[in-house]
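What follows is each chain in one-letter form.
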Amino acid sequence: MKVQVCIIGGGPSGLMLSQLLHLQGIDTIVLEKSSRDYVLSRIRAGVLEHGFAELMREAQCGERMDREGEIHHGFYIAHDGKLDRVDLHKYSGGSSVVVYGQTELTRDLYEARDKLGGKVVHNALDVTPHDVASDKPYVTYRTGEEVIRVDCDYIVGADGFHGVSRKSIPQDKLQEFERVYPFGWLGVLSRTKPVSPELIYAKHERGFALCSLRSQVLSRYYVQVPLTDKVEDWSDDAFWEELKRRLPEKVAAELITGPSIEKSIAPLRSFVAEPMRYGRLFLAGDAAHIVPPTGARGLNSAASDIYYLYHGLLDHYKKGDDTGIDGYSQRALARIWKAQRFSWWMTTLLHRFPDRLSYDDKLQDTELAYLFSSEAAQRSLAENYVGLPF
Ligand code: FAS
Ligand code: PHB
């Protein structure tokens, strides 16, 4: 089999790139190791930057997002028993975010691929990039006992943090930068009315908490937990009691609890691999970088990778101009590191670090006091949260 671009990974990054290229007549295949049901069973991001939403519309996948997603013009930070609102709309010059779950947007992307007759292979096992440093790269994968070879011009590794693509780059060609946080997020999804119409990020002496949502009948909540905790350590009742303790009394009194329909613990890390290209192999999304979800930058960081790669490949195939693909890694990393900074800043501001000093506690309080006393500080937060320009 021969395609122009072979994409490893059928998550949002891989599917979005495949869809955008297909609409321009560029032939792709997506190789996904898991079943579609498994991919769609994962509960991940909930907030889309303006740029991601625009890409969904450009990929002809934005219709349900525009119908069912919620436009949010601000969010709250709960601290010292009170709520302070961050007015994103005012301080970002009129921008906003769309609250629409990653699960649903991935479903929309799959349906769009099906509608266009896109090649998406599920249960593709032992996916292996070959000769990525040559001008004739190829990928092999196994379905059952059959090994299939895909010859291509370019390979895009959109296979997430644990994928095979980044590991296919010789170690001496790659630099990795990492910070692992000493806590995780215990997340619960429940078919309950959200406690607040806008997100609440809570800083509390017992630890961080987040009140988010997927719709007016589906709520998403998180509490910071020690890395030693296991999800089975947490009953639903224990979760709800802990969440209430970390919220201002008025908010806790309004919380509608219910059975968890999903409950999991996600570790927090900041990670970047440089460069995001080796020969004919490009890395995109979580395959190249990870952020703690505090700033809602994870999925949104993948958006700019896909935007830069899509336009670079388009210029290559349509104009014979390689400026975009040759400049991809540098351009993508410039924006990625700004998302890394913002995610680290939000995480440091709102979480309780086990090894913190009393000085750190004062710095957190001062950072919040400065934030809500300075329009410049709120403009900085807002422009990062709604998404820096691509
Ligand atoms: P993904 O990991 O989504 O997709 C990669 C795909 O590649 C997967 O389907 C995988 O099965 C496949 N794959 C892996 N190895 C392969 C191989 N060898 N061969 C073939 N296929 C392979 N971001 C936020 O903004 N907010 C959040 O609240 C948030 N919560 C998260 C919670 C968790 C538990 C995790 C893990 C991430 C969370 N994220 C969050 C970040 C998340 O949304 C990612 O940024 C997003 O999934 C990135 O999309 P992809 O780059 O497509 O990677
Ligand atoms: C979510 O709804 O899952 C969510 C929202 C905002 C974040 C992290 C997670 O910063």
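Starting from 1, residues in each chain are numbered consecutively following that chain's sequence as written. Just so you know, chain letters begin at A and ligand numbers begin at 1, following the order they were written in. The predicted origin of the model limits local features to residues at a pLDDT of at least 70 and limits the giving and counting of side-chain atom pairs to 80 or more, whereas totals for whole chains, interfaces and linings rest on all residues. Neither water nor hydrogens contribute to the side-chain values; these are computed over all heavy atoms in the structure.

Labelled according to an unreviewed UniProt entry, the protein appears under the name 4-hydroxybenzoate 3-monooxygenase, originating from Bradyrhizobium ontarionense.

Q: Run through the pairing of strand 15 (residues 209-215), naming residues and quoting values.
A: Where a strand is regular, its side chains alternate between the two sheet faces. Each residue is assigned to one of three classes by its accessible area relative to the maximum for its type, calculated with a 1.4 Å probe on protein chains only: buried under 20%, partly exposed between the two thresholds, exposed over 50%. In DSSP terms, a helix is any run of H or I states spanning at least four residues, a strand is any run of E spanning at least two, and both are numbered starting from the N terminus. Most of strand 15 is tucked away, with six of its seven residues classed as buried. Any two strands are treated as partners once DSSP identifies two or more bridges connecting them. In this structure, strand 14 (residues 200-202) lies alongside strand 15, joined through three bridges in antiparallel fashion. Bridging from a neighbouring strand, Tyr-201 pairs with Leu-210 of strand 15. Where strand 14 hands over to strand 15, the hairpin turn is made up of six residues, of which Gly-207 adopts a positive phi near 135°. Two strands pair when backbone bridges link them, and strand 15 and strand 16 (residues 218-225) are joined in this way by six bridges, in the antiparallel orientation.

Q: Describe the sheet that holds strand 3 (residues 47-48), naming the residues involved and giving the relevant values.
A: In spatial order, the strands read 3-7-4; together these three strands make up an open sheet with antiparallel pairing. This sheet does not close on itself; its edge strands, each paired only once, are strand 3 and strand 4 (70-72). Here strand 3 pairs with strand 7 (residues 97-99) via two bridges, running antiparallel. Across the sheet, Val-47 pairs through a bridge with Val-99, a residue of strand 7.

Q: How would you summarise the packing of helix 11 (residues 328-350) against helix 13 (residues 375-385) if you had to cite specific residues and measurements?
A: At a closest axis distance of 10 Å, the pairing of helix 11 and helix 13 adopts a crossing angle of 120°. Considering their axes alone, helix 11 and helix 13 lie oblique with respect to each other. Here helix 11 runs over helix 13; the crossing is left-handed. On helix 13, the residues that touch Lys-338, Arg-341, Phe-342, Trp-345 and Met-346 of helix 11 are Ser-380, Leu-381, Asn-384 and Tyr-385. Three classes are used: nonpolar for Ala, Val, Leu, Ile, Met, Phe, Trp, Tyr, Cys and Pro, charged for Asp, Glu, Lys and Arg, and polar for all others, with Gly counted as polar. Its residues placed into classes, the contact of helix 11 with helix 13 shows five nonpolar, two polar and two charged. Geometry is summarised by axes, namely lines fitted to C-alpha atoms with helices restricted to the contacting stretch, and by angles between N-to-C directions that run from 0 to 180 degrees. For classification purposes, angles smaller than 35 degrees are called roughly parallel, those larger than 145 roughly antiparallel, those between 65 and 115 roughly perpendicular, and all remaining angles oblique. Put simply, a crossing is left-handed when the front helix is turned counterclockwise from the back one by less than a right angle, and right-handed when it is turned clockwise. Two residues qualify as a contact provided that any one of their heavy atoms is within 4.5 Å of a heavy atom in the partner residue.

Q: With reference to specific residues and values, describe helix 6 (residues 102-116).
A: It helps to recall that an α-helix has 3.6 residues per turn; residues three or four apart then point in one direction. Given the number of residues in a helix, its expected span is that number minus one, multiplied by 1.5 Å. Taking 1.5 Å of rise per residue, 15 residues should cover 21 Å, and helix 6 covers 21 Å from first to last C-alpha, within 8% of that figure. Within helix 6, burial applies to Gln-102, Thr-103, Leu-105, Thr-106, Asp-108, Leu-109, Tyr-110, Ala-112 and Arg-113. The positive-phi residue at the C-terminal boundary of helix 6 is Gly-117, with phi of around 70°.

Q: Which residues make up the side chain of Arg-335, and what values go with them?
A: When you line up the elements, Arg-335 lands in helix 11. For this analysis, a polar contact is any N or O atom pair within 3.5 Å, provided that within protein one partner can donate a hydrogen and the other can accept it, and provided that sequence-adjacent residues contribute only side-chain to side-chain pairs. Within the local environment of Arg-335, its side chain forms a polar contact with the side chain of Ser-304, the two groups lying 2.9 Å apart. A polar contact of 3.4 Å, which involves the side chain of Arg-335, links it to the backbone oxygen of Pro-389.

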